[in-house]
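Working through the structure, step by step
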Amino acid sequence: MTSPPRSAPVPSGQPDAEGAAPPPKLLDRMHIHLRTRHYSIRTEEAYVDWARRFILFHRKRHPQDMGAAEVEAFLSYLAVERNVAASTQNQAKAALLYLYKQVLGMSLPWLDEVIQAKRPKRLPVVLTPAEVRALLMHTEGTPGLVIQLMYGTGLRLMEALRLRVKDVEFARREITVREGKGNKDRVTVLPENLIAPLQAQLQKARALHEKDVAAGLGRVLLPHALAVKYPNADQAWAWQWVFPSPVRSTDPRPDARSGELLERRHHIYPESVQRAVREAARRAEIAKPVSPHVLRHSFATHLLQAGYDIRTVQELLGHADVSTTMIYTHVLNKGGRGILSPLDAL
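Read on for an overview of the structure. (Residues numbered from 1 in each chain as written. Predicted model: local features only at pLDDT ≥ 70, side-chain atom pairs only at ≥ 80, totals over all residues. Heavy atoms only, no water.)

1. Quick look at the overall build of the chain
Formally: Under the DSSP-based scheme used, a helix requires at least four consecutive residues in state H or I and a strand at least two consecutive residues in state E, with every element numbered from the N terminus. Only protein chains enter the calculation, and the probe is 1.4 Å; a residue is then buried if its accessible area is under 20% of its type maximum, exposed if over 50%, and partly exposed in between. Every residue pair with non-hydrogen atoms within 4.5 Å of one another is taken to be in contact. Accessible surface is estimated by sampling points in the Shrake-Rupley manner with a 1.4 Å probe; for residues, cover comes only from the protein chains shown.
Broken down by element type, the chain carries 13 helices and five strands. For the chain, the residues scored as buried account for 42% of the 346 residues in total. In the chain, 60% of the contacts between residues at least 6 apart in sequence involve partners at least 24 apart. Here the chain has roughly 20000 Å² of accessible surface; of this, 53% comes from carbon and sulfur atoms.

This is the structure:
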């Protein structure tokens, strides 16, 4: 018998003599709690994994029997011995606070006083237009199209991969981002140069969808309870992924109507795009650390260099505060702070 998917909470233990199943274990309760509150599956897996590491670090002691000293010891271990980044340490803290406050219901005064790692202020890595051209010349296939889309629209990697057919508007030359960071919707530009490639991609995606429907499948995962409210919407073409995976897999989240684990076609893996960006940067001989998010930084910077208003760029990126967008203005000066070096005056 195959084991259940990692992120699917399963009942623990066997039914007792009276036929009643015992309550789920702590990590299963955390799974259920996060899923009930519509946290993303990536957040769900990350939080449960940090809780598991915390318990194992303290030799499987129950979190109810531990307090501030144990939480601080674990976070110090991550920072000192594991040398993790501040963002990683803060994610671990957020997971443990969720475990104590939300799952265990323990409102303890020390929870909010646990040390918060100070994140260093870093300037974003930005490619020049020439470097972007060189990078794009060494990309191909579906990952290459995703990379072009990210640079041309400012989308984050997962926003690009979770793009659905209904959210691409060719007539108005715009793309609607649904449930982006902060669970916010926004509209961004659709580049003219991507219209034909995206239309060709949609034709390939539709062929895969029709093949799945003919096989009795083709039901895509819908957000929240839409699958219950609209029983046939998950098979509708409008809701399908723009970049579907070439293979089908079992969805770790139960179907909203039947509660069964269905075989679905998800979007392509983010790792395939990340790998394509690294390989393209290596072949283009770009001497900078290049990741998919660098394309978003470059999109914002190049728009500001072209003279677009910072408020417009803020809306396209989906930043809640313009101060977040202001980080890209450092490149608008010529050289460091826009000054003329005395060496150049000799």
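2. Digging into the side chain of Asp234
Tracing the chain through its elements places Asp234 in the loop between α9 (226–229) and β4 (249–250). With residues near it in sequence (within four places) discarded, Asp234 still touches Gly218, Arg219, Val220, Leu222, Gln240 and Arg257.

3. Regarding the layout of surface pockets
Keep this limit in mind: Grid points spaced at 1 Å and placed over the protein atoms alone form the basis of the search, with a cavity being a set where a 1.4 Å probe fits but cannot get out and a pocket an open set showing protein on both sides within 12 Å along at least five of seven lines. Lining residues have an atom within 4 Å of a point. Grid points are joined across faces, edges and corners, and a volume is the space filled by probe spheres set on the points. The residue classification treats Ala, Val, Leu, Ile, Met, Phe, Trp, Tyr, Cys and Pro as nonpolar and Asp, Glu, Lys and Arg as charged. All others, Gly included, are polar.
If you add up the space inside the second largest pocket, you get close to 230 Å³. Every residue lining the second largest pocket is listed: Leu136, Gln148, Tyr151, Gly152, Val189, Leu190, Pro191, Glu192, Asn193, Leu194 and Phe299. Sort the elements by how many residues they give to the lining of the second largest pocket and helix α6 (residues 141–153) lands first, with three residues. Looking at the lining of the second largest pocket, its residues break down into seven nonpolar, three polar and one charged.

4. Some words on helix α8 (residues 195–214)
As a reminder of what qualifies: Every helix has an expected span of 1.5 Å times one less than the residues it contains. Directions from the helix axis toward the C-beta atoms define the arc.
For α8, built from 20 residues, the straight-helix expectation of 28 Å at 1.5 Å per residue is met to within 8% by its first-to-last C-alpha distance of 29 Å. All buried positions along α8 are accounted for by Ile195, Leu198, Gln201, Leu202, Ala205, His209 and Asp212. Down the axis, α8 shows its buried residues gathered within 115 degrees of arc, on one side only. In α8, the exposed positions that point more than 90 degrees away from the buried face belong to Ala196, Gln203, Lys204, Lys211 and Ala214. Those residues of α8 that are buried lie in contact with α6 and β1 (168–169). Gly216 occupies a position one or two residues after α8 and carries a positive phi of about 85 degrees.

5. Some points on the nonpolar core
Here is the rule we go by: Here, the term nonpolar core denotes a set of buried Ala, Val, Leu, Ile, Met, Phe, Trp, Tyr and Cys residues that are joined through side-chain atoms within 4.5 Å.
One finds Val146, Leu149, Leu198, Phe243 and Val273 to be the most contacted residues of the largest nonpolar core, which totals 38 residues. Listing elements by their share of this core, those giving two or more residues are α5 (129–137), α6, α7 (157–161), β2 (174–177), α8, α10 (270–283) and α11 (292–305). Of all the elements, α6 adds the most residues to this core, at five residues. What Leu149 contacts, discounting residues up to four positions off in sequence, is Gly154, Leu155, Ala160, Leu163, Ile175, Leu194, Leu198 and Phe243. Counting 24 residues, the second largest nonpolar core, distinct from the first, contains Phe74, Ala95, Leu99 and Leu104.

6. A short note on empty space enclosed by the protein
Per the counting criterion, the structure on display carries one cavity of 30 Å³ or more. By volume, the largest cavity amounts to about 100 Å³. For the largest cavity, the full set of lining residues is Ala205, Leu208, His209, Asp212, Gly218, Arg219, Val220, Trp237, Gln240, Trp241, Pro244 and Arg265. Within the lining of the largest cavity, the residues separate by chemical class into six nonpolar, three polar and three charged.

7. Side note on the pattern of salt bridges
As a reminder of what qualifies: Whenever Lys or Arg places a side-chain nitrogen within 4 Å of a carboxyl oxygen from Asp or Glu, that contact is recorded as a salt bridge.
As enumerated under the stated definition, the model contains 19 salt bridges in all. Between Arg248 and Asp212 there is a salt bridge whose closest N-O contact spans 2.8 Å. In this pair, Arg248 sits in the loop between α9 and β4 while Asp212 sits in helix α8, placing the two residues 36 residues apart along the sequence. In this structure Arg248 comes out as partly exposed when scored by relative accessible area, which is 33%. Here the residues in one salt-bridge network are Lys166, Asp167, Arg178 and Asp185, joined through shared partners.

8. Quick look at the sheet that holds strand β3 (residues 186–189)
For the record, the criterion: One bridge is not enough; two strands pair if DSSP finds at least two bridges between them.
The three strands are arranged β1-β2-β3 in an open sheet whose pairing can be described as antiparallel. The outermost strands of the open sheet, each flanked by one partner alone, are β1 and β3. Pairing geometry for β2 and β3, over four bridges, is antiparallel. From the neighbouring strand, Glu174 faces β3, where its bridge partner is Val189.

9. A few points about the packing of aromatic side chains
Filter applied, for reference: Any pair of Phe, Tyr and Trp rings, taking the six-membered ring for Trp, is counted once the centres come within 6.5 Å. Such a pair is stacked with planes under 30 degrees apart, edge-to-face with planes over 60 apart, and tilted for the rest.
Enumeration over the complete set of coordinates arrives at eight aromatic pairs. Measuring from centroid to centroid gives 6.5 Å for Phe54 and Tyr100, while their planes differ by 70 degrees, and the two rings are edge-to-face. On the criterion of sequence distance, the pair formed by Phe54 in helix α2 (residues 41–57) and Tyr100 in helix α4 (residues 86–103) is long-range, its members being 46 residues apart. Considered together, Phe54 and Tyr100 belong to a single accessibility category, that of buried residues.

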